[in-house]
Amino acid sequence: MSHTPATEPRPSASAIDTAEFVEVDTLAGRVRGRWRPTVRRTSDASGGGGAERSAAFLGIPFAEPPAGELRFAAPVPKAPWTGTLDALEFAPTAQRGDPGVTLIPEPSVPGESTLNVNVFTPSPVAPAQGEAGLPVLVWIHGGGYFAGSPASPWYDGRSFNRDGVVTVTISYRLGFDGFGWIADAPSNRGVRDWLLALEWVQRNIAAFGGDPGRVTIAGQSAGGGAVLTLLGMPAAQRLFHGAYALSAALADVATSRAEAFGRALAEQAGVEPTRAGFGGLPEERVLELQKQATELGPDSLGSIIEDGLPLGPAVDGELIERPTLESLAAGVGRGIPLVLGATDDEFTMAFTEAEKKLRWVPKSLLLKKLGLPKERLKPYLRANADVAAKGTARIAGRFLSDRMFRTAALRVVEAREAGAASTSAGADASAGTWLYRFSWPSGTFGFAEHCLDVPFFFDCLDGPAMVPLAGPNPPQALADELHAAAVAFIGTGDPGWPAAHGPGPAAKVWDVPSRVQPDAYASVGPLR
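Description of the structure in this document. (Residues numbered from 1 in each chain as written. Predicted model: local features only at pLDDT ≥ 70, side-chain atom pairs only at ≥ 80, totals over all residues. Heavy atoms only, no water.)

Some remarks on the overall build of the protein chain
Along the protein chain, the regular secondary structure elements total 18 helices and 17 strands. Relative to its length of 528 residues, the protein chain is compact, with a C-alpha radius of gyration of 23 Å against a globular reference of 24 Å. Across its three principal directions, the C-alpha atoms of the protein chain cover 75 × 60 × 50 Å. Summarising the internal contacts of the protein chain: among those between residues at least 6 apart in sequence, 75% fall at separations of at least 24. When the accessible area of the protein chain is evaluated, it comes to approximately 20,700 Å², of which 55% is carbon and sulfur surface. Computing the positive centroid from 47 side-chain charges and the negative centroid from 57, the protein chain places the two 6 Å apart. (Helix = DSSP H or I, 4+ residues; strand = E, 2+ residues; numbered from the N terminus. Rg over C-alpha atoms; globule rule 2.2 N^0.38 Å. Contact = heavy atoms within 4.5 Å. Areas by Shrake-Rupley, 256 points an atom, 1.4 Å probe, with all protein chains shown as cover. Lys, Arg positive; Asp, Glu negative; His and termini not counted. Charge placed at Lys NZ, Arg CZ, Asp CG, Glu CD.)

What to know about the nonpolar core
With 79 residues, the main nonpolar core has Phe57, Ile60, Val119, Trp194, Phe208, Leu230 and Phe240 as its most contacted residues. Looking at this core, the element that brings in the most residues is helix H3 (residues 189–204), giving 8 residues. Residues in contact with Trp194, not counting those within four places in the same chain, are Ile140, Tyr145, Ile170, Tyr172, Phe179, Ala226, Thr229, Leu230 and Pro313. Within the second largest apolar cluster, 37 residues are counted, among which are Val165, Ala448, Leu452 and Val487. (Core = buried A, V, L, I, M, F, W, Y, C linked by side-chain atoms within 4.5 Å. Buried < 20%, exposed > 50% of the residue type's maximum accessible area, 1.4 Å probe, protein only.)

With respect to helix H4 (residues 222–231)
Where burial is concerned, most of H4 is hidden: 10 out of the 10 residues are buried. Residues of H4 that are buried: Ala222, Gly223, Gly224, Gly225, Ala226, Val227, Leu228, Thr229, Leu230 and Leu231.

Some remarks on the environment of Arg257
Mapped onto the fold, Arg257 is located in helix H5 (residues 255–269). What makes Arg257 partly exposed here is its relative accessible area of 22%. In sequence terms Arg257 and Gly279 are 22 residues apart; their C-alpha atoms lie 22 Å from each other.

What to know about the packing of H5 against helix H7 (residues 283–294)
Axis separation between H5 and H7 bottoms out at 10 Å; the angle between their running directions is 120 degrees. Between H5 and H7, the angle falls in the class oblique. Of the two elements, H5 crosses H7, and the hand of that crossing is right-handed. For the pair H5 and H7, the contacting residues are Phe261, Leu265, Gln268 and Ala269 in the first and Arg285, Leu289, Gln290, Gln292, Ala293 and Thr294 in the second. Classifying every residue of the contact of H5 with H7 gives 5 nonpolar, 4 polar and 1 charged. (Axes fitted to C-alpha atoms, helices over the stretch in contact; angles between N-to-C directions. Parallel < 35°, antiparallel > 145°, perpendicular 65-115°, else oblique. Left-handed = near helix turned anticlockwise from the far one by under 90°. Nonpolar A, V, L, I, M, F, W, Y, C, P; charged D, E, K, R; others polar.)

Quick look at the state of the cysteines
Disulfide: a covalent bond connecting the sulfur atoms of a pair of cysteines. For the structure shown, the criterion picks out 0 disulfides. Between Cys460, a free cysteine, and Cys451, which holds the nearest cysteine sulfur, the sulfur-to-sulfur gap is 12 Å. (Disulfide = S-S within 2.5 Å.)

Looking at the pairing of strand E10 (residues 210–220)
Along a regular strand, successive side chains alternate from one face of the sheet to the other. Counting buried positions along E10 yields 8 of 11 residues, so the element is predominantly enclosed. In this sheet, E10 lies alongside strand E8 (residues 134–140) in parallel orientation, the contact comprising 6 bridges. Looking at the pairing, Val138 lines up with Ile217 of E10. Sheet analysis places E10 next to strand E11 (residues 242–246), joined by 5 bridges and oriented parallel. Bridge pairing links Ala218 to Tyr244 in E11. In terms of handedness, the path from E10 via H4 over to E11 forms a crossover that is right-handed. (Pairing = 2+ DSSP bridges. Right-handed = clockwise from strand over helix to strand, strands pointing away.)

The following block contains the structure:
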């Protein structure tokens, strides 16, 4: 990404369109993007009649580089620039190297200016006065709050653009830089990055053809957790109007735990737990210490299951006033429609390498080791008899998936129902909550693992690195169906199946064929 000087006076129009390039004026300055064709099919959400091309604006900075004095500060809005900013390549990412934690291709880009947005639009022209812009999807990537990148080819918004949705992917600070406790630094710096990026969308997306009054935030894994965190934050309510959480990993780190982690990291590094202390360490050293402190193993797995991730949004009593489920139950976000769900076997991959060894380990022994209480063991095995029949590794993976993702989805539904009935939430009308399961088994793994639903959501099954995740020839018809439901939700606030209500709520089960199933999460019942 580079600055190129303006050689002629700027036209008065908000966009310049050439055969290959297109320019748009943001509030901070002009940016240049590039046109690309979309892929249209008669089976897609637009019935083959969607936009023929899509403009990509990559690496637009929404904040100053979080380096030097700004490294552990709240994000500072990007200062205006002169000339035209080439937005033709992905900008630097907060992720460094290859953490090796996901099957999604999420490349790292070196550099300091890591707080950027990527905008994909079929119509990079501000709507005429009195006309509405296109609905907007803002995607927040996952990666356990310490990894991930918005530069994935899977997150390219061209299929959403084809179907009339402007798409934005955002970056944020990761790991200790984004979420670590430091005595004299603002808390939740990564969360503050999300908020500033969403502010940028509100202020600028109309210039790209989007409607700032119809913004849906979505994300997967930690990105799904980000969506729920923002949904439960009073300070974020005006910034979006719909929420879609895939395999949400809520953090809600207790302040005491966050502080203990920060002090322990400082002690290990031999510095004071201050901005000056951590700021004197090379980035590589902080990443090394962070990796050592968060490495998963037999001893730490139980802690992760019980207490969640050690780095992530923290309940600081200021920006995040209380745990997300408490906030939702009090009615925060009740006027915002929500879709959420999980894959059936999110973390079964964690046991596949040891599958042959684990077949000799009694199921009850391993499940107790993972934290399943004795009195719930038999009911859980009965409720999941089909999975238990496939061996110890499969039932252990299902239990881990249930504990970390699937029971959490049901708790969110319950909290939203309580929030709808809350008298403390004011007079805002309550919006619906829709539940789903992604059950189609990967042709590679034989089950629906973590991340598998992402390329179906983006309708990008022709993208790179698909076979390791989904196997050969994943069903395009399922991608057409799931993606169309996402487009419908972003546009109307309704994905097209019954909302979740009461005990044993119904859910859309994405499979071949898909179906709406009553009490679709019944198998997690013994854990609740």
